Amino acid sequence: EPDPLITEIQPWAQGLGDGVDAVPYGLPIEYEDDVIRRNVEWLTADTISSINFTPIHALDGTITPQGCAFERHHSGAIELRKQDYRLMINGLVDRPLIFTYEDLERFPRENRVYFCECAANSGMEWAGAQLNGAQFTHGMIHNMEYSGVPLRTLLEEAGVQTEGKWIYVEGADASSNGRSIPLEKAMDDVLVAFKANGEALRKEHGYPVRLVVPGWEGNLWVKWLRRIEVTPQAIQSREETSKYTDTLADGTSRKWTWEMDAKSVITSPSPQSPITHGPGPLVITGLAWSGRGAIERVDVTIDGGKTWQTARLAQPGQDKAISRFYLDIEWDGSEMFLQSRAVDSTGYVQPTKDQLREVRGLNSIYHNNGIQTWWVNGNGEAENVEIS
Amino acid sequence: EKFGLGRPALPEEIAAWNVDVAPDGTGLPEGSGSVEDGERLFSDNCAVCHGEFAEGVGNWPKLAGGEGTLDHEDPLKTVGSYWPYLSTAWDYVHRSMPFGGAQSLSVDEVYAITAYILYSNYLVEEDFVLSNENFLDVEMPNADGFIVDDREEAEAHFWNAEPCMEDCKDSVEITMRAAVLDVTPEEETDEVATEQEEITAAADTQEAAAPVAAPDPELVAAGEKVFRQCASCHQIGEDAKHRVGPVLNGVVGRKVAQAEGFRYSPALQEAGEEGMVWDHETLDAYLESPRDVIKRGRMSFQGLRKDEDREAVIAYLRSFN
């Protein structure tokens, strides 16, 4: 049967489309309106102090568009104009300083791609498979190209005194979300960023200025950054004691668990991205990242871990940035148990969920980087499961 | 290399922002507050979310209880059972609470509220007064419950493991399925969307027929922005539900304390029974300073100082009548 989409003249081939400026700032075409952030309502008391999830099941490549990059607020996303923006550096410095937004733009700048992952990503899965979709199990992550000034440059401008061992960073919003960071990290690769993916930060990501703390948990990436205090000690704020500490089975808790361990997930096929084309060529794809270095290798299994194949990395792994992997197979139409396993440049091998639970128990909430399983049935539908 | 950018921070500026308090008491201002005062302040400012006894409301944080549960399934982590430093509680209340009214409490009020939180955790007696003088004497039960990140030692076996590639296991059995729990948010179906469109259309028709002049759309839009301050506690619109505060649909011009299914404070209920009405004047006064209108009400909101903000938000509320 000839295809009428080809043999008949279609309206779009005859009439005219939109002129330029129909949408001065473009949005995705309406056919993609399901590619959106989503919230899990029962998780939190209110959306103002809550989190939503990046639709990683529907994206490809490695750069997350800002418009669908997950949000996490503690007192809501505030509106702060560049003209009203002030950044203070105080504490154990020779010259306490105030910078305006314009001042920041006059320092030498860097461009770097980094992932930002919430420490609680996959946190609902500690006790077992719970949420059906890569967006919900692994979507508290985004990966963007940041433009900004190295924090080191600003600290040197103020002159850090020798008693200074930590910095305390806080935001301009009501939560302030203060966190302590060792001076060593602050002087290493931390950025004071004002652009992401080439354009101004979105309001929900801390416009006009946020902190970028490569490889470390997202809570440290303070949004609406307003103050950096050099201190002799950690301040032990709410966000580094009552939250973002990891309780072990014996009731003691780890604190200062800053690095995000190597992790990966297959984004398609997955529960929200089933196979619709039947047997034959199938692209299996996913994301891998490590807060300790670059992704060196990703292995994929389709039989629940009996045998593994090394997947193809779309690009060589980059330091503390997301890698995209592909495994191109001939699917025979039988059920699959899909898993991926990341290896990073420090030699760390992504553990199974059971291996993690053996060390940490079930109450950690944060830092769940265990291997994820999708059970794909003969119809191509996928479900979040755990297997022996 | 110095760039000579920025300007010196003035002492008053540093004092205004540098309010963090460290575990050793660095940064703690002089002052004091009693459990007794704290109980009243907590009831007025905190109880809407955290409960009268700090036991928590709904999904909002519980601040008391949970002693001895940290090694149990689903431990209850509260100020008493989990927080290692009292400075953290003082600092957070001082800087970020109450929710939607941060930094509206005085130093003495923060001491009093912190004292009450300690009392609600059975850590101090009812006649206790907390001050900068005795602050470091308070013992936090879980002070020794934390270790510095030891993953590189405790999880050393995750490094340089030889990942198995062939014949890694004999069989694979499913041990748990997410579909059984069924807690994944559901997609809105087309049917629901159509239904909602119909409802909206019907509402539009009604509005057109109403004799009262509709509020100025520009003012309504401005009010929608101002309403964000209210949205932490109140919902409005077709799918609105009671949260910390009641749904506000139809509130303008209605008798006080009428939203069905909402538990009002005795003070507000009484005002309603006495015939108080949310007319423009009353609402304006209430929004400017809630406790000047309802003395023992529960709405912990600092008020809208600007006339134009109140005007806008009333117009926004009216657009849901």
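Now for a description of the structure that goes with this document.

Attention shifts here to the overall build of chain B. Each helix and strand in chain B was counted, giving 13 helices and five strands. Its C-alpha atoms give chain B a radius of gyration of 26 Å, clearly above 20 Å, the size a compact globule of 321 residues would have. Projected onto the principal axes, the alpha-carbon positions of chain B cover approximately 75 × 65 × 55 Å. Looking at the 321 residues of chain B, the share that counts as buried comes to 42%. A fraction of 54% describes how many contacts in chain B between residues 6 or more apart in sequence connect residues 24 or more apart.

Next up on the list: a nonpolar patch on the surface. Residues and elements named next belong to chain A. On the surface, a nonpolar cluster with roughly 430 Å² of combined accessible area is contributed by L5, I6 and W12. Inspection of the secondary structure puts W12 in helix α2 (residues 11–14). According to the relative accessible area criterion, W12 is exposed, its value standing at 65%.

With 101 residues of chain A at the interface, the matching set in chain B holds 83 residues. When residues of chain A are sorted by the area they lose upon contact with chain B, A:A45, A:R238 and A:K306 head the list and together hold 8% of the total. Between the two partners, chain A and chain B, sit ten salt bridges. Between B:D150 and A:R254 there is a salt bridge whose closest N-O contact spans 2.7 Å. Top element by residues in the side of chain A that touches chain B is strand β24 (residues 382–387) of chain A. It accounts for five residues. Note that β24(A) and strand β5 (residues 174–177) of chain B share three bridges and pair antiparallel. When the sheet's bridge partners are listed, A:E386 is paired in β5(B) with B:M176.

Rolled over the atoms, a probe sized like a water molecule indicates the empty space that remains. Residues and elements named next belong to chain A. A complete count under the given rule lists five cavities of 30 Å³ or more for this structure. Of the voids in this model, the largest cavity is the one considered here, and its volume is about 240 Å³. Lining the largest cavity are 21 residues, with R72, R210, G218, W221 and K223 sitting closest to its centre. In the lining of the largest cavity, the residues fall into seven nonpolar, eight polar and six charged. Counted as a void, the second largest cavity has a volume near 90 Å³. Lining of the second largest cavity is provided by T54, I56, L59, D60, G61, T62, I63, T64, I141, L287, I322 and R324. Of the residues that constitute the lining of the second largest cavity, the class distribution is six nonpolar, four polar and two charged.

How each quantity is defined
- Residues numbered from 1 in each chain as written.
- Chains lettered and ligands numbered in written order.
- Predicted model: local features only at pLDDT ≥ 70, side-chain atom pairs only at ≥ 80, totals over all residues.
- Heavy atoms only, no water.
- Helix = DSSP H or I, 4+ residues; strand = E, 2+ residues; numbered from the N terminus.
- Rg over C-alpha atoms; globule rule 2.2 N^0.38 Å.
- Buried < 20%, exposed > 50% of the residue type's maximum accessible area, 1.4 Å probe, protein only.
- Contact = heavy atoms within 4.5 Å.
- Patch = residues over 30% accessible without salt bridge, like charges linked within 9 Å, V, L, I, M, F, W, Y side chains within 5 Å.
- Areas by Shrake-Rupley, 256 points an atom, 1.4 Å probe, with all protein chains shown as cover.
- Salt bridge = Lys/Arg side-chain N within 4 Å of Asp/Glu carboxyl O.
- Buried area = accessible area lost by both parts, 1.4 Å probe.
- Pairing = 2+ DSSP bridges.
- 1 Å grid on protein atoms, 1.4 Å probe; cavity = no way out; pocket = protein on both sides within 12 Å on 5 of 7 lines; lining within 4 Å.
- Points joined across faces, edges and corners; volume = space filled by probe spheres on them.
- Nonpolar A, V, L, I, M, F, W, Y, C, P; charged D, E, K, R; others polar.

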